[in-house]
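# Descriptive structure summary
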Amino acid sequence: MPPQLTGTSRRRRPAFVQPRSAEQPTRHPAVALAMALPCAVLLVLLFGGWEQMANQAQAVADLISR
């Protein structure tokens, strides 16, 4: 026999969200790109992603040309 739930149901607390203030403006997308691009290039070079990207681009080009 399954256990019966008694009493009020518990609600999960919402995740803490820091209030946005005028003192901390959002970061410009170009700054985010400048931060992420070197890491992405390093990962592509380390794991051979360049060949995989070229293969995918060739496959897409083949599909479009048909």
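Our structure is the block above this text.
Presented here is an overview of the structure given in this document.

The rules we used
Residues numbered from 1 in each chain as written. Predicted model: local features only at pLDDT ≥ 70, side-chain atom pairs only at ≥ 80, totals over all residues. Heavy atoms only, no water. Helix = DSSP H or I, 4+ residues; strand = E, 2+ residues; numbered from the N terminus. Buried < 20%, exposed > 50% of the residue type's maximum accessible area, 1.4 Å probe, protein only. Areas by Shrake-Rupley, 256 points an atom, 1.4 Å probe, with all protein chains shown as cover. Patch = residues over 30% accessible without salt bridge, like charges linked within 9 Å, V, L, I, M, F, W, Y side chains within 5 Å. Salt bridge = Lys/Arg side-chain N within 4 Å of Asp/Glu carboxyl O. Polar contact = N/O pair within 3.5 Å; in protein donor to acceptor, adjacent residues only side chain to side chain.

Broken down by element type, the chain carries two helices and zero strands. Counting across all 66 residues of the chain, residues that qualify as buried make up 0%. Working note: accessible area of the chain is about 7,300 Å², and carbon and sulfur atoms make up 62% of it.

Okay, a nonpolar patch on the surface next. A cluster of nonpolar side chains, contributed by Leu33, Leu37, Val41 and Leu45, occupies part of the molecular surface with about 400 Å² of accessible area. With respect to the helices and strands, Leu45 occurs in helix α1 (residues 29-47).

Within the secondary structure, Ser65 is located in helix α2 (residues 49-65). Among the residues examined, Ser65 registers a relative accessible area of 58% and is labelled exposed. Of note is the side chain of Ser65, whose polar atom sits 3.0 Å from the backbone oxygen of Asp62.

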